[in-house]
Amino acid sequence: MGVGKSRSVNFPIIDSQENKTPKHTHKTKEKEEAIIVKEICSVEEMNEGEMREFEVENHKLLLIKSNGEFSALGHLCTHAGAPLVKVLNLSTYLGVLSNGRVRCPWHGACFNIKTGDIEEYPCLDALQCFPVEVQNGKVIISASVETLEENRRIKTMVTPSPTNKTVILLIGGGPASLICAETLRQEFYTGRIIIATKEQHLPYDRTKLSKKLEISIERILLRKSEFYSTHGIEMLTNKEAISVNTGKRRVAFKDGTTQQYDYLLIATGCIPRKLSCPGADLENVFCLYTPEDAHKIHELSNEKDVVIVGSSFIGMEITWYLINKAKSVSVVGTSKVPFRDVLGRDVGTAIMKKFEAANVKFYMESKVTELRGQNGLLEEVVLENGMVLPANICVVGIGVVPATDFLNKSGIKTDSNGAVIVNKNMQTSNLRVFAAGDITSFPLPLKNNENVTIRHWQVAHSQGHVAALSMLKKNAAFNSVPYFWSAISESSVRYAGYGVGYEEVIIHGNMDEMRFVAFYIKGDTVIAVCSLNYDPVVSQVAEVLASGKTISKEEASSEDMPWIKKI
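Model, not experiment: these values are computed from the prediction.

## Observations regarding the overall build of the protein
Here is step 1 of the chain: The secondary structure content of the protein amounts to 12 helices and 41 strands.
Here is step 2 of the chain: Computed over its C-alpha atoms, the radius of gyration of the protein comes to 25 Å, within 12% of the 24 Å expected for a compact globule of 567 residues.
Here is step 3 of the chain: Each of the 567 residues in the protein was classed as buried or not, and the buried ones make up 54%.
Here is step 4 of the chain: By sequence separation, contacts in the protein at least 24 residues apart represent 60% of the contacts at least 6 residues apart.
Here is step 5 of the chain: Accessible surface, the protein as shown: approximately 25,700 Å² in total, 46% of it carbon and sulfur.
Here is step 6 of the chain: For the protein, the centre of its 64 positive side-chain charges and the centre of its 65 negative side-chain charges are spaced 6 Å apart.

## Thoughts on the sheet that holds strand β2 (residues 51-56)
Strand-to-strand pairing in sheets goes through backbone hydrogen bonds, with the strands running parallel or antiparallel.
Here is step 1 of the chain: The four strands lie next to each other as β2-β3-β4-β12, forming an open sheet whose pairing is antiparallel. Here the strands that pair on one side only, and so sit at the sheet edges, are β2 and β12 (129-130).
Here is step 2 of the chain: Note that β2 and strand β3 (residues 59-66) share six bridges and pair antiparallel. Following the sheet pairing, R52 is matched in β3 by L63.

## Observations regarding the pairing of β3
Here is step 1 of the chain: Of all the eight residues making up β3, six are buried; the element is thus mostly covered by neighbouring parts of the structure.
Here is step 2 of the chain: Where β3 folds back on strand β4 (residues 69-73), the antiparallel hairpin that results is connected by two residues, among which N67 adopts a positive phi of roughly 55°.

## Some points on helix α7 (residues 313-322)
Here is step 1 of the chain: Most of α7 sits inside the fold, with eight of its 10 residues counted as buried.
Here is step 2 of the chain: Among the residues of α7, F313, G315, M316, E317, I318, T319, Y321 and L322 are the ones counted as buried.

## Topic: the packing of aromatic side chains
Centre distance and the angle of the planes are the two values used to describe a pair of aromatic rings.
Here is step 1 of the chain: By the definition in use, this model includes 10 aromatic pairs.
Here is step 2 of the chain: For the pair F355 and F362, a centre-to-centre distance of 6.4 Å together with 70° between the ring planes defines the contact as edge-to-face.
Here is step 3 of the chain: Note on F355: relative accessible area 0%, which makes it buried.
Here is step 4 of the chain: Classification of F362 as buried rests on a relative accessible area of 13%.
Here is step 5 of the chain: Judged by centre distance (6.0 Å) and plane angle (45°), the rings of Y495 and Y520 are tilted. Taken together, the residues Y495 in strand β38 (residues 492-497) and Y520 in strand β40 (residues 515-522) connect sequence positions 25 residues apart.
Here is step 6 of the chain: For Y520, a relative accessible area of 0% translates into the label buried.
Here is step 7 of the chain: An aromatic cluster is built from F313, F339, F484, Y495, Y502 and Y520, whose rings are joined through pairwise contacts.
Here is step 8 of the chain: Here R515 stacks its cationic end above the ring of Y534, 4.4 Å away from the centre of that ring.

## Brief notes about the pairing of β38
Here is step 1 of the chain: Taken across its six residues, β38 has six buried, putting it largely inside the fold.
Here is step 2 of the chain: In this sheet, β38 lies alongside strand β37 (residues 483-487) in antiparallel orientation, the contact comprising five bridges. Residue pairing across strands places S486 opposite V493, the latter belonging to β38.
Here is step 3 of the chain: Counted between consecutive antiparallel strands, the loop separating β37 from β38 contains four residues.

## Side note on helix α9 (residues 345-356)
Along an α-helix, residues three or four positions apart point the same way, because every turn accommodates 3.6 residues.
Here is step 1 of the chain: With 12 residues, α9 ought to run about 16 Å at 1.5 Å a step, and its terminal C-alpha atoms sit 16 Å apart, in line with that.
Here is step 2 of the chain: Listing the buried residues of α9 in full gives V347, G348, A350, I351, M352 and F355.
Here is step 3 of the chain: On its buried face, α9 is in contact with α7, α8 (340-343), β27 (361-363), β38, β39 (504-510) and β40.

## Points about the side chain of Q128
Here is step 1 of the chain: Examined against the element boundaries, Q128 turns out to sit in the loop between β11 (126-127) and β12.
Here is step 2 of the chain: At a separation of 3.2 Å, a polar atom in the side chain of Q128 contacts the main-chain carbonyl oxygen of E150.
Here is step 3 of the chain: Within the structure, the side chain of Q128 is placed 3.2 Å from the backbone oxygen of R152, a separation counted as a polar contact.

## A few points about the pattern of salt bridges
Here is step 1 of the chain: Using the criterion set out here, one finds 25 salt bridges in the structure.
Here is step 2 of the chain: Bridged by salt links that share partners, the residues D125, R152, E182 and R223 form one connected network.

Analysis parameters
- Residues numbered from 1 in each chain as written.
- Predicted model: local features only at pLDDT ≥ 70, side-chain atom pairs only at ≥ 80, totals over all residues.
- Heavy atoms only, no water.
- Helix = DSSP H or I, 4+ residues; strand = E, 2+ residues; numbered from the N terminus.
- Rg over C-alpha atoms; globule rule 2.2 N^0.38 Å.
- Buried < 20%, exposed > 50% of the residue type's maximum accessible area, 1.4 Å probe, protein only.
- Contact = heavy atoms within 4.5 Å.
- Areas by Shrake-Rupley, 256 points an atom, 1.4 Å probe, with all protein chains shown as cover.
- Lys, Arg positive; Asp, Glu negative; His and termini not counted.
- Charge placed at Lys NZ, Arg CZ, Asp CG, Glu CD.
- Pairing = 2+ DSSP bridges.
- Phe/Tyr/Trp six-rings, centres within 6.5 Å; stacked < 30°, edge-to-face > 60°.
- Lys NZ or Arg CZ within 6 Å of the ring centre and 35° of its normal.
- Expected span 1.5 Å × (residues − 1).
- Polar contact = N/O pair within 3.5 Å; in protein donor to acceptor, adjacent residues only side chain to side chain.
- Salt bridge = Lys/Arg side-chain N within 4 Å of Asp/Glu carboxyl O.

Structure follows, in structure tokens:
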């Protein structure tokens, strides 16, 4: 089957009819009586396309007027708690309202304004949705005390049925597997769902490790343990897959066990590249991969000389964290400035100056040739020009490779880099096997469906969702605008689109003040955008691109940003 082409497939029957109508717990009399009905404004008080926060019983909610109708939702994005409307110094910063949904200004998550349901990731929970009525020109909200207290909600899921003998096995403990599992239950799949991860932890937010090295695993778990048992999702930790037999539909694990499947999701993510120079096996040389790695770096770096090898996002996030903790922080990179290929020379230079002002030393256009130490402990990092840097700790962030070696004899097609080739439905070369997340090579609509590999947290969520729907023969295809962020200053850099191959960068704002937006141009078209302290422009651009529209070079050049009218 050609990559990117759809094809009719005769799937085995999956029993998804049982529990078609989810059972709801009957409210107690007390709960029924705890309904608050409140008039919150007049119809004329809000303009068309306006979003505004209102307070009901000391709790905020978001009222939206769109196409002449009102709807009310929770007021905070469920991903990181970003206000969807924020008033600061009389200036209003708000999420982007377009095509019946609101997009978060921080990380791009989208919610349906009528239901509160998720329409774009990254997030796990939907928003609360409150009944709205218009009576005699007044907007009236009905809400229970319980829903007002809780901004978010978990979408209803069915429970497994003993009569449904099918098994969907998800390999990998990241967001792609978790979103896939949750989507299956939300879409009435009642068979067994098994998530197998080689890590010792339940699925967690790995993106936070480089931003807050000391963070506890409990604070970054995507779901608590009881969630999995409640919804019939079997979690197998310390369970590393070593081979896949697609003919017998069976996965073998390192501990000697095997597991049969009807459908398989491969979402094993990537593993960090390691240095290959002498001394790379010394103690106190780390790649950041697990919470244990993060905690060790945090513990050992206090008032020590730290060398970061790699000026990537991971390396620079760790550098930013260590600025006020370590005795010294040095960064070794192969490019002239950090992020040169992704963000461009000017943006990379501005960020580099910010770090230098905080006493970070950069050794760019250089490589590490040796790590020296005594008694197994690192003491020095040697560069190719002969310079020697003192180092009690070295953190290596020089990229990753797909964790797909276990597929070598499976017949599942991978590309030259080891990425699993999938079509727009996240289906591999085997009709019963799907893949999602960092390991995929997939057709990107923004790139005329050319196959690409994008290792974004948000992309993994979206692909897990599409994979689940595809397993159930739903009409689903990946059509997200890639979106990522990085904490490399007091505020996060935000980025949307696919900027590989850009030819020109148009920048608005003040680079010295670290407040700017950069448009990445190819030909006459914007293919990506990056900003710092310029919210919500990245989410605005993402919404334009998501609607299938384009932004021209001329439009991007204008200070008035006329492309906003396309939202």
